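Report on the structure
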Amino acid sequence: WLANLLHSGADPEVATAALLEVLPELSNPVVFVSNEVGLGIVPDNHLARQFRDLAGLLNQRLAAAAQVVIFTAAGLPLVLKAPVGFQLPIVTR
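Each value, and the rule that gives it
- Residues numbered from 1 in each chain as written.
- Predicted model: local features only at pLDDT ≥ 70, side-chain atom pairs only at ≥ 80, totals over all residues.
- Heavy atoms only, no water.
- Pairing = 2+ DSSP bridges.
- Helix = DSSP H or I, 4+ residues; strand = E, 2+ residues; numbered from the N terminus.
- Core = buried A, V, L, I, M, F, W, Y, C linked by side-chain atoms within 4.5 Å.
- Buried < 20%, exposed > 50% of the residue type's maximum accessible area, 1.4 Å probe, protein only.
- Contact = heavy atoms within 4.5 Å.

On to the pairing of strand E1 (residues 69–73), then. Pairing analysis gives 5 bridges linking E1 to strand E2 (residues 76–81), with the strands arranged antiparallel. Within E2, the residue paired with threonine 72 across the bridge is proline 77. Two successive antiparallel strands, E1 and E2, enclose a turn made up of 2 residues, where alanine 74 displays a positive phi of approximately 55°.

Our focus in this paragraph is the nonpolar core. With 8 residues, the main nonpolar core is built from Leu2, Leu6, Leu19, Leu20, Leu23, Ala55, Leu58 and Leu62. Elements that contribute at least two residues to this core include exactly helix H1 (2–8), helix H2 (12–22) and helix H3 (46–65). Ignoring any residue separated from it by four or fewer positions in sequence, one finds leucine 6 in contact with Pro12, Gln50, Phe51 and Leu54.

What follows covers the environment of alanine 73. Structurally, alanine 73 is set in strand E1. Owing to a relative accessible area of 38%, alanine 73 belongs among the partly exposed residues under this scheme.

Just geometry here; none of it tells us what the structure is for.
Quick look at the structure:
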């Protein structure tokens, strides 16, 4: 979504604000999946750095608005934010 905004020349801040404004009005759960782009090396070109910075800001703003935030690394979930009593669903294979 963010890459498409940048490619089209749209303002990511305006689009993010519009997205955050409509979320409370939705009646069904919404799941966002995003890559963590700030844990690696600093990109060597302007567009990649811009994307990294904007993705980090977008992730922060969505996390602030979310009820549950889960960071997953190597298939292991780490609950960063959740209501009291929240339990991860048990997944069996």
